[in-house]
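Fold and geometry: a report
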Amino acid sequence: MTTPSPSVTLSPGTTEGPYNPGVAVNNPADISVIVIYFLVVLAVGVWAMVSTNRGTVGGFFLAGRSMVWWPIGASLFASNIGSGHFVGLAGNGAAGGIATGGFEWNALVIVIILGWIFVPIYIKAGVVTMPEYLKKRFGGDRIRMYLSVLSLFMYIFTKISADMFSGAIFIREALGLNIYVAVVILLAITALYTVTGGLAAVIYTDTLQTIIMVVGSFILMGFSFNEIGGYNALEEKYMNAITTKTTDPLFNISEKCYTPRADSFHLFRDPINGDLPWPALIFGLSVLAIWYWCTDQVIVQRCLSAKNMSHVKAGCILCGYLKLLPMYLMVFPGMVSRVLYTDVIGCVVPSVCKQYCDTEVGCSNIAYPRLVVKLMPQGLRGLMLSVMLASLMSSLTSIFNSASTLFTMDLYTKIRPHAKERELMLAGRVFILVLIGISIAWIPIVQTAQSGQLFDYIQSITSYLGPPIAAIFLLGIFIKRVNEQGAFWGLIIGLLIGLSRMITEFVYGTGNCVKPSNCPWIICGIHYLYFALILFGATCIIVLGVSLITKPIDDVHLYRLCWSLRNRKEERIDLDAGNSSNNDNDSEAEDDEESEPREVGMCRKAYNWFCGFEDKGPKLSKEEQEAIQQKLTDTSEDPLWRNVVNINAIILLSVCVFFWAFYA
């Protein structure tokens, strides 16, 4: 038996149209909680602005490399868990069961690889951005430019637009606002402290957001399981959560389209016919996870801000433990939502779905927002809205900061090679506004892709564009024979293969169970995670093949850039050393010209403080600069703490194996 769903409220005089839930958060208790939340977040952001160094590129983009482990771990988690996870994981759980939780648990292994293998190489290389590492490793500018541009496009396609869309879904359910009005309000608040505060403000506010997210989500999980009668009751009732509205004069709807899957409570599913085949979930997903966790600017930038390697590793371990939670905080509540509101969340008739959630492909995306609005009492409902806003804002601020870093350090410096530090920081902030505009325009695509299941949309786009990047970083770090020509042609051919699948899928549409897509099987019939594995393998073959028939890079250019040469002490000669020396001299000359003191008015002083453009201190000597650089590239660890984090890493991996085996 299932709980009957609430009736649908339609606009007066219409038989079909967008579902309008009215204003659910309209009482003093909820509004007070939300106001207090925003005041606390702004207070933390202002404190971080005032107490940290934002006046230099290193201070603004890397928090002066002074962060300790617990804000790093919290920020890694908060940057990853956006509102897209609350909406997407719960939606996928409602539609297909627990297998989507495997996306989260896969990260427990990959964050160890990040902290123990990738970050030490990045720190020894002395880089701020991931494209900067590729430039040092391979030389030339074309790979660095390619990765910068592609990363920015992927932020738009998979992160910013998806997070804004999911946050707006929640606000529409809670406040009855138009989806675009909700987006604009969210962005205005989010952009303010990202544009002004830099990475330190983002990391400290992320830490606060993580606490709010976890506490609020645990409360909702408790209400959900209490309402349904516990986990055993969920297993029984979910399998019977079948909508009563299954007929449509326009379509012949198959029973499998509205019946819960028989393997809903299994992580490992059929390798050929499963919606998430187990080989794809383990191996294909690992390729995407290496791209995301080990090479993506948003994630790696947090690790590069740590004061030493032990703090990096401890932060990764904390993030790994936090990644155990989404299965319980998001996936299971999404399944509960289908049981409680079966006709709405499990709707299958396109015209009925249009009434409930303003999209014809399904309403699983409103599973989590519906729980919050219908199940939580006053005050706690406001807390959960704050949780959703926290997850949205923490994810967006992280992306905005990292995207502006990529644009400023890797693209703008090519357009303006002699730009001063202040100009670079302004350019990064203006670029955030441009990014927001493009992302809003992409939201209609997100609404209809991958049968309306947001999390599948995010992972599928990643599968088409991410594997070549993962291949280049892995081969570049572990195989010193790989050169620039091999890496470049691997990236280009890999991109063309991925785009052929992505563009074809958008042209034909992904379809759903009721209205299948006409996309040819040879292109769209292969599961996107299998496709990621094939694309990764093809890229590796191309990179190695081209590299072996072209000239290798001498070791003197690769010291501390490859795993086999990571501990070499000799001075590294950059591949493009001859090309950059002139620019460095020119910029030094310009700095000398501007070193003369000038009178600054009150308005200008206020503007400089707001943006973090503090007056420069005395010019450092060459020896002092070398000492600072040596500190920034130091990966040494205290033996005691090295052993502590290593033991904790082994414990985390053991926990990971247990959870996978228990739910397999």
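The name an unreviewed UniProt entry gives the protein chain is Sodium/glucose cotransporter 1, with Callorhinchus milii as the organism. The annotation that UniProt attaches to the protein chain under Sequence similarities (unreviewed entry) is "Belongs to the sodium:solute symporter (SSF) (TC 2.A.21) family."

**Some points on the overall build of the protein chain**
Looking only at helices and strands, the protein chain has 28 helices and zero strands in total. By residue count, 58% of the 664 residues in the protein chain fall in the buried class. For the protein chain, the accessible area works out to roughly 26500 Å², and carbon and sulfur atoms hold 63% of it.

**Description of the state of the cysteines**
For the structure shown, the criterion picks out two disulfides. Residue Cys 347 pairs covalently with Cys 353 via a disulfide, S to S 2.1 Å. Measuring handedness by torsion sign, the sulfur bridge of Cys 347 and Cys 353 sits at about 125° and is right-handed. Residue Cys 347 is classed as buried on the basis of its relative accessible area, which comes to 10%.

**Side note on the side chain of Arg 572**
With respect to the helices, strands and loops of the structure, Arg 572 is situated in the loop between α24 (528-548) and α25 (577-593). Look at Arg 572 and you get buried, because its relative accessible area is 13%. Among the polar contacts made by the side chain of Arg 572, one reaches the side chain of Asp 574 at a distance of 3.5 Å. Setting aside its immediate chain neighbours within four residues, Arg 572 contacts Lys 124, Ala 125, Lys 136, Val 556, His 557, Leu 558, Tyr 559, Arg 560 and Leu 561.

**Quick notes on empty space enclosed by the protein**
As enumerated under the stated definition, the model contains six cavities of 30 Å³ or more in all. Computed from the structure, the largest cavity encloses a volume of approximately 380 Å³. Taken together, 25 residues form the lining of the largest cavity, with Asn 80, His 85, Tyr 292, Ile 458 and Gln 459 sitting closest to its centre. Residue assignment for the lining of the largest cavity shows that the elements contributing at least two residues are α3 (69-80), α4 (83-96), α5 (102-105), α8 (142-175), α11 (278-295), α18 (380-415) and α20 (454-465).

**A closer look at the packing of helix α10 (residues 231-238) against helix α14 (residues 326-340)**
Look at α10 against α14: their axes get within 10 Å of each other, and the N-to-C directions meet at 55°. By the angle between their directions, the pair α10 and α14 is classed as oblique. The handedness of the crossing between α10 and α14 is left-handed. On α14, the residues touching Tyr 231, Leu 234, Lys 237 and Tyr 238 of α10 are Phe 332, Met 335, Val 336, Arg 338 and Val 339. The residue inventory of the contact of α10 with α14, partitioned by class, reads seven nonpolar, no polar and two charged.

**Observations concerning the nonpolar core**
Core analysis: the biggest nonpolar cluster contains 191 residues, and Trp 105, Tyr 122, Tyr 133, Leu 234, Trp 293, Leu 465 and Phe 473 have the highest contact counts within it. Among the elements that line this core, the one with the most residues is α8, at 18 residues.

**Some remarks on the pattern of salt bridges**
Counted according to the given criterion, the structure contains 15 salt bridges. For Arg 381, the salt bridge identified is with Asp 30, shortest N-O distance 3.6 Å. One end of the pair, Arg 381, is in helix α18; the other, Asp 30, is in helix α1 (residues 28-51), with 351 residues separating them in the sequence. A relative accessible area of 0% places Asp 30 in the buried class. Linking Glu 423 and Arg 416 is a salt bridge whose minimum nitrogen-to-oxygen distance equals 2.7 Å. If you follow the salt bridges from partner to partner, you end up with Arg 261, Asp 263, Arg 269 and Asp 275 in one network.

**Structural notes on the packing of aromatic side chains**
Between two aromatic rings, the relevant description is the distance of the centres plus the angle of the planes. One pass over the structure, following the stated rule, counts 28 aromatic pairs. Residues Phe 268 and Trp 660 carry aromatic rings whose centres are separated by 5.7 Å and whose planes lie at 35° to one another, so their mutual orientation is tilted. Of the two residues, Phe 268 is situated in the loop between α10 and α11 and Trp 660 in helix α28 (residues 639-663); the sequence distance between them amounts to 392 residues. Judged by its relative accessible area of 12%, Trp 660 is buried. Residue placement shows Arg 142 over the ring face of Phe 488; its charged tip is 3.8 Å from the ring centre. Cation over ring: Arg 501 sits above Phe 531, and NZ or CZ is 5.2 Å from the ring centre.

What counts and how
Residues numbered from 1 in each chain as written. Predicted model: local features only at pLDDT ≥ 70, side-chain atom pairs only at ≥ 80, totals over all residues. Heavy atoms only, no water. UniProt positions renumbered as here; feature names shortened; annotations may be inferred. Helix = DSSP H or I, 4+ residues; strand = E, 2+ residues; numbered from the N terminus. Buried < 20%, exposed > 50% of the residue type's maximum accessible area, 1.4 Å probe, protein only. Areas by Shrake-Rupley, 256 points an atom, 1.4 Å probe, with all protein chains shown as cover. Disulfide = S-S within 2.5 Å. Polar contact = N/O pair within 3.5 Å; in protein donor to acceptor, adjacent residues only side chain to side chain. Contact = heavy atoms within 4.5 Å. 1 Å grid on protein atoms, 1.4 Å probe; cavity = no way out; pocket = protein on both sides within 12 Å on 5 of 7 lines; lining within 4 Å. Points joined across faces, edges and corners; volume = space filled by probe spheres on them. Axes fitted to C-alpha atoms, helices over the stretch in contact; angles between N-to-C directions. Parallel < 35°, antiparallel > 145°, perpendicular 65-115°, else oblique. Left-handed = near helix turned anticlockwise from the far one by under 90°. Nonpolar A, V, L, I, M, F, W, Y, C, P; charged D, E, K, R; others polar. Core = buried A, V, L, I, M, F, W, Y, C linked by side-chain atoms within 4.5 Å. Salt bridge = Lys/Arg side-chain N within 4 Å of Asp/Glu carboxyl O. Phe/Tyr/Trp six-rings, centres within 6.5 Å; stacked < 30°, edge-to-face > 60°. Lys NZ or Arg CZ within 6 Å of the ring centre and 35° of its normal.

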